[in-house]
Each structure stands twice: as structure tokens, then as C-alpha cells.
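Below are the chains, spelled out letter by letter.
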Amino acid sequence: MIAIAIIVGCILGALIGMNVPNISYTYSGYLAIAIIAALDSVFGGITSVLKGNFDLKVFISGFFGNAILSMLLTWLGVKLNVDIYLAAIVVFVGRMFTNLSIIRRYYIDKWSKKVIKEETKNEDEKKTMGEN
Amino acid sequence: MKKGQVTITITIGLMILILTAVIFVQFKTINQTDITSLENMREDELRTEINNYKQKIEEIAKEIEDTDGKIAEYEKVINTDKEASELLVAELEQQNNILGKNDVKGSGVIVTLTDTRAQKISGEDLRALLNELKLAGAEAISINGQRIVYDSYIVDIGSTYISVNGERIVSPYEVKAIGNTTYLESGLSKKQYGYIDTKLEEGKDVVLVRKDNITINKYTADLNFEYAT
């Protein structure tokens, strides 16, 4: 159900993005940082789903709040002549890697448990056959 | 299906839609930035670039000024050179006129001496005439086309002909002289003791004609010193 929603959203979003007029290069920096923040929220959401403590309110507020906050920080950085967006990128990308590693570990654990289970099953079968 | 699950699904779908849309817009923008890079460049970048160009323009303007100054100097030098060379050319022309190396024109007189049966014109007659003309201020003289220059000579070769500048000439002797016409004429035609009267008395044929436009040819031989330095 959610997978279908995600796929439909992806396709529609791609189509809309292709047909929307270009934004000025001046603002593309802000947009890029917003995209990174949103992606971070998405990975964080996936992690929380796997951990079983997913909350839609937290997810939505993180998704939009982080994006807007990072854009504001970038704007402030431009005004102060400090590259604050670098800090935002470091934090978001670092968190993305952490979340990805959590997701990876989760699936690897799942897979290895499955393999061990099958092996023990096979051994059990062998034992039973040997007894026969 | 629970109502909460539907909300979650729609919300997540919408968020994904927004995210992908924004990502694609960004892709497109970055892709097309290369083509219209100048239009979409950041304001401060453009400002710096404009400043750079302004500086360059100033430098080039300075260079142009310098070059213009140099050109003006060169033109000045060229002009002075030109003036000097023009002056030299004019001087040379004048000297050549004096030396007899140029054709000259002007008003003057033509004296024609013709042999008669009774009296033959001698070299002495021509020399006397030359002297008289020079006295009267003649500037250029020629006898039968032979220009009289500083080393010209008039000698009788036997009694048959006269040699001027080494060229033989025969009667009628046409002596052209350019100078002040009045002086020349009056100098030659003084009463009784004047050249014409004297020669007419001797029975020689002398005719004097005033003319406004006489051309006297240049001296054709070389004018070179071999021993004098």
C-alpha cells in the first residue's frame, strides 16, 4: 500500500519536476540544501520504521522543518559571508550514513538469521535421516 | 483498511512527490546552467566579473592613451622631417636652376644674330653679347639651345663654325635670355654705344625680340669636378 504510494509519488513528482519552469541559479543552492535535508528525513523515517518507533508527526515536521531551517541557515550564511551550508551538509550527510548503516545492519542481521535457521533445519533433517 | 493508514499513505506519497519534483527541478536547473551560465550566475560573481571587466577596460583605455601620445609624437617628428626634406628639395631645385640643370621658364628677350654675305658672326660677337646680357642681369642664357653655365665656352673653330660647350652651332644664332625684360632690352639697345647699334654699324644682322614666355633647356652634359675638391 505504502510502496504503491511511494512509486506513484516518484513518477508524478518526476513528471511535474520535468515540466516545471527552471528556477534561478541563485536559489538552486538553497534548493539543494533543502533536498539533502529532506533525504536525511526520509532515511531517518525508514530507520524509525525498522526500529518500530515511527511517528508520522515527527516525520512530517522533520521533513519540512529541517528543509526550511537548512535553507534559512544557508541564507544567513550568505548574509554573514560564512559557508554555513557546509555545516548543514556535513550533519545531514553524516546522519544519512548512520541511518543507512542501521538499515544495512538490520537487513544483514535478518538475512544471516535466516541462513542460520536454514542450516540448523538442514542439520536436523540430516540427523533424522541418519537415525533412520 | 484503517483510516489512519490511508492518511499515512497519502501523506508519504505527497511528500515523496514533492521531494522528487524538487530533485528533478534541481537536476534540470543544473543541467541547463551550462548553456545559460551567465544569466543564472550568482549576483556577486557577476559583480566581480563586471568589476574585472571595468578594470580591464580602464587599463586598455590607458594603453590607448599612451599609444595615442606616441602616435602624436611620431607624427610631429614625421612632420618636422617632412618640412626639412621639403626645404631641402626646394633648395636643391633652386641650386639646380642656378647651375643650369633644370629647364627654366620666364620672360626675357631673344636676340637673333644672322650671318650676312658681307659679315659673318664671330665667337667674339656672341661673347660680347653674353657679357652685355649678364651685365643687364640675365639669369639664364642659351645659344641655339646650348645652356650657358659656369664653365661654358664659346670659341671659333677656324672660320667655319662656332663651338659652344663643345657643340658646333651655325647661323642663325638665337640667344635666349631670361631676366628683367626692360633692363635686358635697354641694356642692349643703348643709343650709339649699345650692343645692337654697334653691331648694326658693323653691318651685322641683329634682331631683338621681347617675349613673355621663354623656355630655356637644361644643360645636358655632366657637371663634375675631377681635380678641385
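### Some details on the overall build of chain B
Working step 1: Scanning chain B from N- to C-terminus turns up six helices and eight strands.
Working step 2: Ordered by position in the sequence, the α and β elements of chain B form the string α-α-α-β-α-β-β-β-β-β-β-α-α-β.
Working step 3: Relative to the globule expectation of 17 Å for 229 residues, the C-alpha radius of gyration of chain B, 48 Å, shows a markedly less compact shape.
Working step 4: Its C-alpha atoms give chain B principal-axis dimensions of about 165 × 40 × 30 Å.
Working step 5: A burial count over chain B gives 31% of its 229 residues as buried.

### Re the pattern of salt bridges
Working step 1: In this structure the tally under the stated criterion is seven salt bridges over all chains.
Working step 2: For the salt bridge of A:D40 with A:R95, the shortest nitrogen-to-oxygen distance reads 2.6 Å. Of this pair, A:D40 sits in helix α2 (residues 25–51) while A:R95 sits in helix α4 (residues 84–131); the two residues are 55 residues apart in sequence, bridging distant segments of the chain.
Working step 3: Exposure remark for A:D40: the relative accessible area of 1% places this residue in the buried category.
Working step 4: A salt bridge links B:K199 to B:E202, with the nearest nitrogen and oxygen atoms 3.6 Å apart.
Working step 5: A relative accessible area of 10% places B:K199 in the buried class.
Working step 6: Three or more residues joined by partner-sharing salt bridges are found here, namely B:D125, B:K199, B:E202 and B:K204.

### Describing the interface of chain A and chain B
Working step 1: Between chain A and chain B, the residue contacts involve 31 residues of the former and 26 residues of the latter.
Working step 2: Around 2,800 Å² of area is buried between chain A and chain B when both sides are counted, 79% of it from carbon and sulfur atoms.
Working step 3: Remark: the boundary between chain A and chain B carries zero salt bridges.
Working step 4: In this structure, the connection of chain A to chain B is made through four residue pairs in polar contact (both at pLDDT 80 or more).

### Re the sheet that holds strand β5 (residues 161–164) of chain B
All names here are of chain B.
Working step 1: Strand order in the open sheet formed by three strands is β4-β5-β6, with antiparallel pairing between adjacent strands. Of all the strands in the sheet, just β4 (154–157) and β6 (167–169) have a single pairing partner and so form its edges. Averaged over neighbouring strand pairs, the angle between their axes works out to 35° when direction is ignored.
Working step 2: In terms of strand pairing, β5 meets β6 through three bridges, oriented antiparallel. Counted as the bridge partner of S163 is R168 from β6.

### Some remarks on the packing of aromatic side chains
Two measures describe an aromatic ring pair: the distance that separates the ring centres and the angle between the ring planes.
Working step 1: Considering all chains together, one arrives at seven aromatic pairs over all chains under this definition.
Working step 2: Consider the rings of A:Y106 and A:Y107, whose centres lie 5.3 Å apart with planes at 90°: the pair is edge-to-face.
Working step 3: The class of A:Y106 is partly exposed, set by a relative accessible area of 34%.
Working step 4: Under the relative-accessibility criterion, A:Y107 is labelled partly exposed at 45%.
Working step 5: Seen from their ring centres, B:Y150 and B:F225 are 6.3 Å apart, and the 80° between their planes marks the pair as edge-to-face.

### Brief notes about the sheet that holds strand β1 (residues 104–114) of chain B
Residue and element names in this part refer to chain B.
Working step 1: With antiparallel pairing, five strands are arranged side by side in an open sheet as β3-β2-β7-β1-β8. Since the sheet does not close on itself, it has two edges, and those belong to β3 (146–147) and β8 (205–216), each with one partner.
Working step 2: Across two bridges, strand β2 (residues 140–143) lies against β3 in antiparallel orientation. Opposite S142, over in β3, you have R147 as the bridge partner.
Working step 3: Against the sheet, helix α5 (residues 181–188) contacts β1, β7 (173–178) and β8, and its axis sits at roughly 15° relative to β1.

### Side note on the pairing of β1(B)
All names here are of chain B.
Working step 1: In this sheet, β8 lies alongside β1 in antiparallel orientation, the contact comprising ten bridges. Each residue of the ladder has a partner; that of G106, found in β8, is I214.
Working step 2: Here β1 runs beside β7; their pairing, made up of six bridges, is antiparallel. Following the sheet pairing, I110 is matched in β7 by K176.

### Description of the domain arrangement of chain B
Working step 1: Entries for chain B in the domain assignment read domain 1 (3–40) and domain 2 (103–216).
Working step 2: Placing the centre of domain 1 of chain B and that of domain 2 of chain B at their C-alpha centroids yields a distance of 117 Å.

### Remarks on a negative patch on the surface
Residues and elements named next belong to chain B.
Working step 1: A surface patch of like charges, here negative, comprises E58, E59, E63, E65, D66 and D68.
Working step 2: You can see E65 is positioned in helix α3 (residues 43–99).
Working step 3: Relative accessible area serves as the criterion here: at 59%, E65 is assigned to the exposed category.

### Some words on α2(A)
Three or four residues apart is the spacing at which side chains of an α-helix point the same way, because the helix has 3.6 residues per turn.
Working step 1: End to end, α2(A) covers 39 Å across 27 residues, agreeing with the expected 39 Å (1.5 Å per residue, within 8%).
Working step 2: Directly beyond the C-terminal end of α2(A), a positive phi value near 90° is found at A:G52.

### Quick word on the packing of helix α4 (residues 123–135) of chain B against α5(B)
Residue and element names in this part refer to chain B.
Working step 1: Contact geometry of α4 with α5 gives a least axis separation of 9 Å together with a crossing angle of 135°. With respect to α5, the element α4 is oriented oblique. Here α4 and α5 pass one another in a crossing that is right-handed. Contacts between α4 and α5 pair L129, E132 and L133 from the former with L184, G187 and L188 from the latter.
Working step 2: Taken together, the residues that form the contact of α4 with α5 break down as four nonpolar, one polar and one charged.

Parameters at a glance
- Residues numbered from 1 in each chain as written.
- Chains lettered and ligands numbered in written order.
- Predicted model: local features only at pLDDT ≥ 70, side-chain atom pairs only at ≥ 80, totals over all residues.
- Heavy atoms only, no water.
- Helix = DSSP H or I, 4+ residues; strand = E, 2+ residues; numbered from the N terminus.
- Rg over C-alpha atoms; globule rule 2.2 N^0.38 Å.
- Buried < 20%, exposed > 50% of the residue type's maximum accessible area, 1.4 Å probe, protein only.
- Salt bridge = Lys/Arg side-chain N within 4 Å of Asp/Glu carboxyl O.
- Contact = heavy atoms within 4.5 Å.
- Buried area = accessible area lost by both parts, 1.4 Å probe.
- Polar contact = N/O pair within 3.5 Å; in protein donor to acceptor, adjacent residues only side chain to side chain.
- Pairing = 2+ DSSP bridges.
- Axes fitted to C-alpha atoms, helices over the stretch in contact; angles between N-to-C directions.
- Phe/Tyr/Trp six-rings, centres within 6.5 Å; stacked < 30°, edge-to-face > 60°.
- Domains from an automatic or database assignment.
- Patch = residues over 30% accessible without salt bridge, like charges linked within 9 Å, V, L, I, M, F, W, Y side chains within 5 Å.
- Areas by Shrake-Rupley, 256 points an atom, 1.4 Å probe, with all protein chains shown as cover.
- Lys, Arg positive; Asp, Glu negative; His and termini not counted.
- Charge placed at Lys NZ, Arg CZ, Asp CG, Glu CD.
- Expected span 1.5 Å × (residues − 1).
- Parallel < 35°, antiparallel > 145°, perpendicular 65-115°, else oblique.
- Left-handed = near helix turned anticlockwise from the far one by under 90°.
- Nonpolar A, V, L, I, M, F, W, Y, C, P; charged D, E, K, R; others polar.

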